[in-house]
Structures are given as C-alpha cells and as structure tokens.
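The lines below spell out each chain.
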Amino acid sequence: MWNSIFSKYGKLNLILLLFILVVASLLRFPAYRFGYPLATHPDEPHYNIAAASILDTGTSEGWAMVGYPPGIIYTNILFLKLFHKRGELAYSVVPYVRLAAIFFSILTILLMFLIGHHIGFPQAGILSAFLWTVTPIAVEYARYATAEPFMMFFLMLTIFLLVLNFKRGSEFLRYSSYLISLVVILFKYQAILVLIPVFSCDLYHLWQRRRDKKLFQNHIKHMAIRCVSLIAFFAWLQFGYEAFHTDTYTPDWCWRRHTKLMFPGFRTVGGKMMMFLDTLAAPKEESPYSMDSPNPASYLLPILSGLMVFVGLTGYFTDNKRDSTPFVSTSLLFLLIWSIALSFFNSHYRHMIPVVPLFYIIASIGIINFYRMIFRFSKQYTPKCCKYIFISTILPVICLIYSQMVLPATHNMLEKSKPDIRNAINSWADNTVKGGTFTATQACSTIFMPYAGFKGTRPFKCAYVINGRELDIKNLYSADYTIMPIALYEKIIKKSPRVKEDLLPLKRFIKGEKYYGDDYIFLANRKIDNIVNEKLKCGLKVLGYSQHIEKRENATSVELTLFWKANTPTLSPKQAVVIVKKENALINAIAFSPLPGSRNSRGSDCWTDSEEIFISDKTVLVFGGKGKYVISTGFIDATLEKANMENIPVVDLTTLTIE
C-alpha cells in the first residue's frame, strides 16, 4: 500500500507534506487557549450559549439565535455533551471546540495538497499547502471556535470529491459531493454558492454522455434524485429549522446594515476580490482584526504573486493537454460569483476566508506553471548556465519575500501563547475601581461578562461598543468608564482635544513581554473638579478632589471624592483619612480604605505604577454647627492599631464656612 502511495504522490512530496503539517500544528495548537476565558471572537460565546440554551430549554430563542446556521451550534452541543462538567460554565468547553477547529484546519491543508496535486502539479499542492500553513490570517482564524474552520474543511472536501469526479465520473462521488456540500451550507447559508461547482460537474458529465442514450438517461435519473434531495433539504431548513426567520430575532450586537441588500459598485466587488491577495500581506500587528490595516510594504508579495499567477494561468489554459482545465475554469467562476454575491450584503471580510484556500490552489498552479515556462524558455533559447543563474538569484529573492508570511505567523503563535492583556484589565478593574457602565471597542466589550469567566465582585456593564471608523464621540460620555486601545485614544484626542480634558486616564496597560494584545487605556468619564497636586512624605500625591455640598435644616453634608497617585511605591499598606479641624482643633477624623470597598481591593503597597490614578469611594462629612472648618486628607500606616491624627502629614483640601 505504501509503495503505491509513494509512487502516486512521490516520496519527496509526502516528506514535504509531513513537514508542512508539523509546522501547521506548531503554529496553531500551542496558542489554542489564547484570550480564554475572555471572548476574543464575539461569535464564540453566542454559539456556545445558544447550544446550552437548546440543551436546557429546547430552543435558542432567548439568545436571538433562532434560524442561525445549525452547524457550529450543534458542534457546541456535541462538545457540551462530551466534555461539560456539572457546575461549570457552558463556555468551559470552548477550548475543546477550538482544538477541533484547529484539527479541521490542518485537514484542510492536507486536502489542499491533494487537490493541487490532482488538478495541477505535485509542486502546486505543496506550495498551496505551505502558503495556507503560514498565512497570518489563516493561522489566526484556525483557532476560533467559529464556523469558518469547519466550513473550510467541508468545502475543500467537496472540491476534492469534485476533482475525483471530474476524472472518474463515479455516481458514488457525485452523491458524496452533494451530501458534503449540504454540510457546508449547514455551517454558513452563504455557502449555498458551493452548489455552482457541484452542478457544473454534474452538467459536465451529462454533456459528456449526450451521445450515449442509455448513459444519458441514467444520469438524468440520478440528477433528478439529487435535485429532489436538495429540495427536501431546503424545505427542512425553511419549515423544520426556520432558517429564514433570523431577521425576526436579530440581536442588538448584529449590525443590521450587513443584513440589508445593497447593490455594490465596482469598487466594492473589486475590494472583495482583492481580499484574496490581501491575505498574503503581512499585518502591522498581531490582533484578531489586524488584517483590516495590512502593512503597505508587504504588498510587494501580492503584486509579485498576482503577476506570476496571471502569466502562469494564461500558459496553463493555452495548454490543450490539460484535462483539468474545465475544473480550474469552474473554480475561478465560483470565486468570482462568491465575491460578487457577498458584495451585495457588504459582508465582513472573514466571510471571504473559507474560499481563499481554493484561490491559493489555483494561484499555486499559476505560479508553478510560471516557473515551468521560465525553465522551458531557458532550456530552449539560452545557455544552460542561465537556468542555474535564475535558480541561484531570482528564486532566493522570491523565497525571501515569502518569508514575510512565515515570520508574522510565527510571531502570532508566540504572542498568542502569552496571557491576554485584557485579563490584566479585568483583574485590575475589579480590584481598583468601583463597578459601573463602560464604553469599549469590540475586543473589550465582553471582558466583564459572566459567560467569559469573569468572577469579580463588582458589576460592570457595556453601555456602548466603540466603532473606531464611525466613532460618535458623544457616546464616550454615556457611561462611567471607557476602555480603548491607546492608538485610538491618541487619534481621538487629536481630533477632539476636549476629550482629553473630560476623560481621566486611570491606567495604561502596555503588553510588553508578559502579555499579548493591544496597548489599552482605562479612563474614567469624569474630571477632577478641584486640582491640588500636593505630595506627601509617604510617596503618595494628592491630585485633587470633587465635592458635593448639600444643606439641610439642622446640618450641612459634604460628599467628598479624592484623587491621588503614587509617585513611589509605599513600603507598607496605607489607610486614607479625612481630617476636619475647626480653629486648628481636630473635631473629626474618618479613616477609610483608599479604594472603593471590596475584599479584592489593592492595598497601597501594590501601587507600583507612578502614572496610575486612583479614585476613592465617596466620603460623607456632616457638619452640625456654625463656623469655619478646614478639610484635609492624608494617609496613616494601616498596620498600626492607633495613630496620632494630630501629627500625621496632611494636605489641606478646602475651607468650608457654615453660617
């Protein structure tokens, strides 16, 4: 058996394929828990909770997922049945779903090798498998517990069956390709377009049998059976599964503009088609949506590849000896129709990703054929030495350019193996600031959600999701806090300087060597009403305060909020105090925790960031008699049972006169 496999695919090709699969595993598996337990991809928790809801109540209507493609939801149901432990969150099985997604993505690479080998050249299969192995966006999306990795595998499996069908014309292969294409549709309704190459293959064989009446009639009969099966499948989607009822239950997190039919212009369609080449461009940063802004210098590879693909495919189609030309032509038509169809709905670029492997296969055929044309030309019209000059000069340069994909993919794996910096934000906020509402970018909108593993003691709720491209600055003030990348914050204050005055930067989170992700800033949607900027001997600095005075019949109450930072780390934990004096005589001293009360609050000995700003909880002072009062603040050693309030260093805040 092994001898037949070696002779069919070549021992060297199989060794290279094994090496590629090992590299693919090393780039994907080590970082499969990236971001966990946070929801890195916004769809992961929705699929998971919908699956749990179906198991618990029989429907996912409560989570606005009625009619959503069942493939990924029922995949989550399977893993909940297999791995979920009583008492744990349903989200605890997401790492297992991610492992399955990675496994299917690696099988996709194997199918790419087989398809490229059968419709082009053995080298085309190797090249396409290698490219998809190290493409940064392929490495990124292979780890998500979403529909794309599974859909890609079944799509490539459908294409592989069609390739064998083109060559052998077996009824078993035709039925198998129809069946697998239905599985693709179960993961994405847009994948109904996969029926284009499936029907094209059927019609191609029908045309081939047009002269044999018996074979022609037999093929018509089987086509009729397959069409009836398709009608039954779509009838089940409509009436049994309610596939077309999704608009009734569209959730708030879904952008409705993506569900409206929009007639695209040439620029939109062209942009979707350029997505195929954009996947070759190395991103600036390794983040889930980094391909929105690829590095302009990295377009050298797509441009060079595009030229080679065009020249190579031109030579491929003009070679009449190629029996796979009809299939390659059908595949190009399928990619074109896919790009145009998705352009009508202005779909996200990730909806283009499942068909990119097919493009890589065809592009690899063009690139390999381009090399073959060069070699044939050098052999016929130039001395033999020119061939070796080409191999020793141009080919290494091309390999060097392709390495710009390998390096970002490797960097992606190494970075995603680190803890997510959003976990640091999560822990810091629960231990430092009072709970409340917040605005955030999509990546941070779920960091305080219970289904994402947040077990804090303070409630946080996302009030508004920031869209960096269509930012409404007014919405930044609609919550208590704001979380955003530092780069976006700098862009905003450059556009609107008033934001810098109205938002108080509490903490900057820099990824460094310990964390991966963007550099974030956590802001309080407030400002210091009264500036003090006085240093204390203990290393702490009082920045200022805000106060609210309320006069009653027999008393006056002052609601005080303090702001401070630590210029240098304190040697021991401190306790904040507010001291009230009347005519230089101490009449009241209130000691309180320097941060909002919680069992998780950080002691002042943990204040190691000199730029971090702290906000105290509200302290209420009640004054019953008339006179002139001086309100001061300071810190005492929290380890002391008693402290002499008369002698501790303090900063005078305000003088209050009650008449």
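Residues numbered from 1 in each chain as written. Predicted model: local features only at pLDDT ≥ 70, side-chain atom pairs only at ≥ 80, totals over all residues. Heavy atoms only, no water.

So, about the environment of K537. Mapped onto the fold, K537 is located in the loop between β6 (530–535) and β7 (540–551). Remark: the alpha-carbon pair of K537 and P649, spanning 112 residues in sequence, is separated by 7.2 Å. (Helix = DSSP H or I, 4+ residues; strand = E, 2+ residues; numbered from the N terminus.)

Attention now goes to the confidence of the model for the chain. Of the residues in the chain, 76% have a pLDDT of 70 or more, and the chain-wide mean is 75. The secondary-structure element of the chain with the lowest mean pLDDT is helix α1 (residues 2–9), recorded at 54, while helix α5 (residues 94–119) shows the highest, at 91. Residue range residues 246–261 is modelled with pLDDT below 50. Its contacts to residues more than four positions away, or to other chains, number 24 contacts. Predicted confidence for residues 283–294 stays below pLDDT 50, and this span has 38 contacts to residues more than four positions away or in other chains. (pLDDT = per-residue confidence, 0-100. Contact = heavy atoms within 4.5 Å.)

When you line up the elements, S181 lands in helix α9 (residues 171–187). Given the relative accessible area of 0%, S181 is considered buried. The contact partners of S181, leaving out residues within four places of it in the chain, are T158, V194, L195 and V198. (Buried < 20%, exposed > 50% of the residue type's maximum accessible area, 1.4 Å probe, protein only.)

Further remarks concern the packing of aromatic side chains. Using the criterion set out here, one finds 20 aromatic pairs in the structure. Between W428 and F509, the ring centres sit 5.5 Å apart and the planes meet at 80°, which makes this aromatic pair edge-to-face. With W428 in helix α17 (residues 421–432) and F509 in strand β4 (residues 504–509), the pair connects residues that are 81 residues apart, well separated along the chain. In this structure, W428 and F509 share a single accessibility class: buried. An aromatic cluster is built from F103, F104, F150, F153, F154 and F187, whose rings are joined through pairwise contacts. Above the ring of F34, the side-chain terminus of R98 is found at 4.5 Å from the ring centroid. (Phe/Tyr/Trp six-rings, centres within 6.5 Å; stacked < 30°, edge-to-face > 60°. Lys NZ or Arg CZ within 6 Å of the ring centre and 35° of its normal.)

A separate point is helix α2 (residues 11–28). Between the first and last C-alpha of α2 there are 26 Å, a value that for 18 residues agrees with the 26 Å anticipated at 1.5 Å per step. What α2 keeps buried is the set N13, L14, L17, I20, A24, L27 and R28. Along the axis of α2, the buried residues cluster in a sector spanning 145°; they form a single face. Of the exposed residues in α2, the ones pointing more than 90 degrees away from its buried face are K11, L12, I15, L18, F19 and L26. (Expected span 1.5 Å × (residues − 1). Arc of directions from axis to C-beta.)

As a further point, take a nonpolar patch on the surface. Judged by side-chain polarity, L78, L82, F83 and Y96 come together as a nonpolar surface patch covering roughly 380 Å² of accessible area. Looking at the nonpolar patch, the element that brings in the most residues is helix α4 (residues 70–83), giving three residues. Relative to the assigned elements, Y96 resides in helix α5. (Patch = residues over 30% accessible without salt bridge, like charges linked within 9 Å, V, L, I, M, F, W, Y side chains within 5 Å. Areas by Shrake-Rupley, 256 points an atom, 1.4 Å probe, with all protein chains shown as cover. Salt bridge = Lys/Arg side-chain N within 4 Å of Asp/Glu carboxyl O.)

Attention shifts here to the pattern of salt bridges. Per the counting criterion, the structure on display carries six salt bridges. Salt-bridge contacts for E140 lead to K416; the nearest nitrogen and oxygen are separated by 2.7 Å. Of this pair, E140 sits in helix α7 (residues 136–141) while K416 sits in helix α16 (residues 384–416); the two residues are 276 residues apart in sequence, bridging distant segments of the chain. By relative accessible area, which is 1% here, K416 ends up buried. As a salt-bridge pair, E559 and K618 come within 3.7 Å of each other at their nearest N and O atoms. Note that E559 is positioned in strand β8 (residues 556–566) and K618 in the loop between β11 (614–615) and β12 (619–623), a separation of 59 residues in sequence. We classify E559 as partly exposed; its relative accessible area is 30%.

Right, let's talk about the packing of α5 against helix α8 (residues 147–168) for a bit. In contact at an axis separation of 8 Å, α5 and α8 are set at 25° when each is read in the N-to-C sense. With respect to their mutual orientation, α5 and α8 come out roughly parallel. Along this stretch, α5 crosses α8, giving a crossing that reads as left-handed. Contacts from V97, A100, A101, F104, L107, T108, L111, M112, L114, I115, H118 and I119 in α5 reach P149, F150, M152, F153, F154, M156, L157, I159, F160, V163, L164 and K167 in α8. (Axes fitted to C-alpha atoms, helices over the stretch in contact; angles between N-to-C directions. Parallel < 35°, antiparallel > 145°, perpendicular 65-115°, else oblique. Left-handed = near helix turned anticlockwise from the far one by under 90°.)

Before going further, it helps to spend a moment on the sheet that holds strand β5 (residues 520–524). Here we have five strands laid out as an open sheet, ordered β2-β1-β3-β5-β4, and mixed in their pairing. This sheet does not close on itself; its edge strands, each paired only once, are β2 (460–466) and β4. Going from strand to strand, the sheet's axes swing by 25° on average, the running direction of each strand aside. Examined bridge by bridge, β4 and β5 share five bridges and lie antiparallel to one another. Among the inter-strand pairings, R508 is bridged to a residue of β5, identified as I521. Where helix α18 (residues 486–495) meets the sheet, it contacts β1 (436–441), β2, β3 (481–485), β4 and β5, and its direction lies at approximately 105° from that of β3. (Pairing = 2+ DSSP bridges.)

We now examine α18. Every buried residue of α18 is listed here: I486, L488, Y489, I492 and I493. Angular distribution of buried residues about the axis of α18 spans 155°; they occupy a single face of the element. More than 90 degrees from the buried face of α18, the exposed residues found are A487, K491, K494 and K495. Buried residues belonging to α18 abut β1, β2, β3, α19 (498–502), β4 and β5.

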